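In case you want the letters, here they are:
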Amino acid sequence: MKKIVFYAMMLIVAVAISITACTKNDGATTGTKKVIRVTTKFVDNEQTAKSLVKVVEGVNSRSNGTLELQLFTSGTYPYGKDGMELIVNGGDVIQVDGINFIADYVPDFDAVTGPFLYTSFDEYLAMTKSDLVAALKQEAVEKHGIRILSLDWVFGFRSMMLKKPVKTPDDMRGLKIRVPTSPLYTYTLEAMGANPIAMPYPDTYSAIQQGVIDGVEGSILTYWGTKQYENVKEYSLTRHLLGVSAVTISEKCWQSLTAEQQQILTEEFQKGTDDNLKETIALEDDYAENLKEQGVHFYEIDAPAFAAKAAVVYTKFPKWTAGIYDQIQAELTKIRATLKK
């Protein structure tokens, strides 16, 4: 109850602070510093947070005092649904969080990040540059005021961190597994046989200890960065969803920036995207070895069986554009052919 009251108070304060006069700045007045809060659920030890530190430092250094980013990690500022609400309402906020929160406004984004779609980072990164995704980004900004600076903050394929090994859908039956507040994640875990429980990620460490949940799903980097290996030692490589974050900002706030400030933000977040991807790829093997040294066991799973179970997820979203799944598959066929060359 105290946590709910705390988050409610935080949201009220954030709305009051963030929804400021975001009027168009033509560059003539540069004496007032623009402050934008960057919010994310990732803890300081996770690579996404580390790359964001570099982004913030780069922006603040290059803007010569006209623009200041303030980074809030570990869910210490409203994020997720609450953070996206601030953005839609025109707040001075940049959110780095799941694409599913954009999908609350543009549902087809969930289809683009659906279960068992991708077999590599490269496939997904090519998809984000497709005309299909470009149209969705345009819809987000024109209809909802959500400007997407990046969809490419990859942090690895998500798998199961549990108290018991899982190799088949039958092994998942009845397991209480934390998911983000997202229908896509809920439907995916249900289809795989689990009992999904939505909660903020920072709450999961104690929730496992107290038996509220049996484990969580997430990437190798999350497993190591959040020290879940202290709670659960079995890692089943379901790779059911690709873990990616979007970088979003209010269009109203974006238009209040000078062209130079917009360029700085764009360039520094692209550097952050590249840094995060490079480090994620490099760290996955290292962290896997670190986890094994902590007593974690890795398991391959019956991937076709899980994928067959998860196929029903693509029938559960009436707000998706008719035929969107087929469009995605057609785009993936082209992408895979290109990547093979």
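Residues numbered from 1 in each chain as written. Predicted model: local features only at pLDDT ≥ 70, side-chain atom pairs only at ≥ 80, totals over all residues. Heavy atoms only, no water.

The chain is annotated in an unreviewed UniProt entry as Bacterial extracellular solute-binding protein, family 7 from Treponema phagedenis.

Asker: Is there a simple way to think about the overall build of the chain in this case?
Answerer: Looking only at helices and strands, one finds 15 helices and 9 strands in the chain. The C-alpha atoms of the chain give 20 Å as radius of gyration, which agrees with the globular expectation for 341 residues (20 Å, within 12%). C-alpha extents for the chain along the principal axes are approximately 65 × 45 × 35 Å. When each of the 341 residues of the chain is scored for burial, the buried share is 53%. The contacts of the chain with a sequence gap of at least 6 include a subset with a gap of at least 24, amounting to 77%. Accessible surface, the chain as shown: approximately 14,900 Å² in total, 53% of it carbon and sulfur. Taken as two groups, the 36 positive and 42 negative side-chain charges of the chain have centres that lie 3 Å from each other. (Helix = DSSP H or I, 4+ residues; strand = E, 2+ residues; numbered from the N terminus. Rg over C-alpha atoms; globule rule 2.2 N^0.38 Å. Buried < 20%, exposed > 50% of the residue type's maximum accessible area, 1.4 Å probe, protein only. Contact = heavy atoms within 4.5 Å. Areas by Shrake-Rupley, 256 points an atom, 1.4 Å probe, with all protein chains shown as cover. Lys, Arg positive; Asp, Glu negative; His and termini not counted. Charge placed at Lys NZ, Arg CZ, Asp CG, Glu CD.)

Asker: What is the right way to look at the pattern of salt bridges in this model?
Answerer: Close approach of charged atoms lets side chains of opposite charge pair. If you walk through the whole model with that rule in mind, you get 17 salt bridges. The partner of lysine 129 in a salt bridge is aspartate 152, with the nearest N and O atoms 3.6 Å apart. With a gap of 23 residues between them, lysine 129 in the loop between helix H6 (121–127) and helix H7 (131–144) and aspartate 152 in strand E4 (residues 146–162) connect regions that are remote in the sequence. For aspartate 152, a relative accessible area of 13% corresponds to the buried category. When salt bridges that share partners are traced, they join Arg62, Glu267, Glu268 and Lys271 into one network. (Salt bridge = Lys/Arg side-chain N within 4 Å of Asp/Glu carboxyl O.)

Asker: Could you clarify how one ought to interpret the nonpolar core in this entry?
Answerer: Soluble globular proteins: nonpolar side chains tend toward being buried together. One finds Phe109, Tyr124, Leu151, Met172 and Ile328 to be the most contacted residues of the largest nonpolar core, which totals 55 residues. Broken down by element, this core gets its largest block of residues, 7 residues, from E4. (Core = buried A, V, L, I, M, F, W, Y, C linked by side-chain atoms within 4.5 Å.)

Asker: How should the packing of aromatic side chains be read in this particular structure?
Answerer: Geometry of an aromatic ring pair is reported as the spacing of the ring centres plus the angle between the planes. Taken as a whole and assessed by the stated rule, the structure comprises 13 aromatic pairs. Every member of this aromatic cluster is reached through a ring pair, and the members are Tyr187, Tyr314, Phe317, Trp320 and Tyr325. The ring of tyrosine 187 has lysine 316 lying over it, and the distance from NZ or CZ to the ring centre is 5.4 Å. (Phe/Tyr/Trp six-rings, centres within 6.5 Å; stacked < 30°, edge-to-face > 60°. Lys NZ or Arg CZ within 6 Å of the ring centre and 35° of its normal.)

Asker: What am I meant to see in helix H15 (residues 324–340) here?
Answerer: Every α-helical turn comprises 3.6 residues, leaving residues that sit three or four positions apart pointing alike. Between its first and last C-alpha, H15 extends 24 Å over 17 residues, near the 24 Å set by a 1.5 Å rise per residue. Considered for burial, the residues of H15 that qualify are Ile324, Ile328, Glu331, Leu332 and Ile335. Each buried residue of H15 lies within a common arc of 105° when the element is viewed along its axis, so the set occupies one face. Along H15, exposed side chains directed more than 90 degrees from the buried face belong to Asp326, Thr333, Lys334 and Lys340. Each element contacted by the buried residues of H15 is listed here: helix H5 (108–112), H6 and H7. (Expected span 1.5 Å × (residues − 1). Arc of directions from axis to C-beta.)

Asker: What exactly am I supposed to notice about the packing of helix H2 (residues 47–62) against helix H13 (residues 259–293) here?
Answerer: Angle between the axes and distance between the axes are the two parameters that describe a pair of packed helices. Look at H2 against H13: their axes get within 8 Å of each other, and the N-to-C directions meet at 155°. Between H2 and H13, the interaxial angle falls into the category roughly antiparallel. In the crossing of H2 with H13, the sense of the turn from one axis to the other is right-handed. (Axes fitted to C-alpha atoms, helices over the stretch in contact; angles between N-to-C directions. Parallel < 35°, antiparallel > 145°, perpendicular 65-115°, else oblique. Left-handed = near helix turned anticlockwise from the far one by under 90°.)

Asker: Looking at this structure, I do not really get the confidence of the model for the chain. What am I missing?
Answerer: For any part of a model where pLDDT is low, the fine detail of the predicted coordinates should not be relied upon. Confidence in the prediction for the chain averages 91 pLDDT; 91% of positions are at 70 or higher. Under a pLDDT of 50 for its full length, residues 1–8 has, in the predicted model, 3 contacts with residues more than four places off or in other chains. (pLDDT = per-residue confidence, 0-100.)

Asker: Looking at this structure, I do not really get the side chain of lysine 41. What am I missing?
Answerer: Its location among the elements puts lysine 41 in the loop between strand E1 (34–40) and H2. Within the structure, lysine 41 has its side chain in polar contact with the side chain of aspartate 97 (distance 2.7 Å). Ignoring anything within four residues of it in the chain, the contact list for lysine 41 reads Ser74, Gly75, Tyr79, Val96, Asp97 and Gly98. (Polar contact = N/O pair within 3.5 Å; in protein donor to acceptor, adjacent residues only side chain to side chain.)

Asker: Would you mind going over the pairing of strand E7 (residues 215–218) with me for this structure?
Answerer: The alternating pattern of E7 places Gly215 and Glu217 and Val216 and Gly218 on opposite faces, both of which are buried. As defined by bridge partners, E4 adjoins E7 across 4 bridges and the pair is classed as antiparallel. Bridged to serine 159 within E7 is glycine 218. As defined by bridge partners, strand E5 (residues 176–179) adjoins E7 across 2 bridges and the pair is classed as parallel. By the bridge assignment, isoleucine 177 is partnered in E7 with glycine 215. (Pairing = 2+ DSSP bridges.)

Asker: I tried to follow the environment of arginine 158 on my own but got confused; where do I start?
Answerer: Locating arginine 158 in the fold gives a position in strand E4. Residue class for arginine 158 comes out buried when judged on its relative accessible area of 5%. In sequence terms arginine 158 and serine 182 are 24 residues apart; their C-alpha atoms lie 15 Å from each other. Leave out the neighbours within four places in its chain, and arginine 158 touches Arg178, Pro180, Tyr185, Glu217, Gly218, Ser219, Thr238, Arg239, His240, Leu241, Leu242 and Gly243. Of note is the side chain of arginine 158, whose polar atom sits 2.7 Å from the side chain of glutamate 217.

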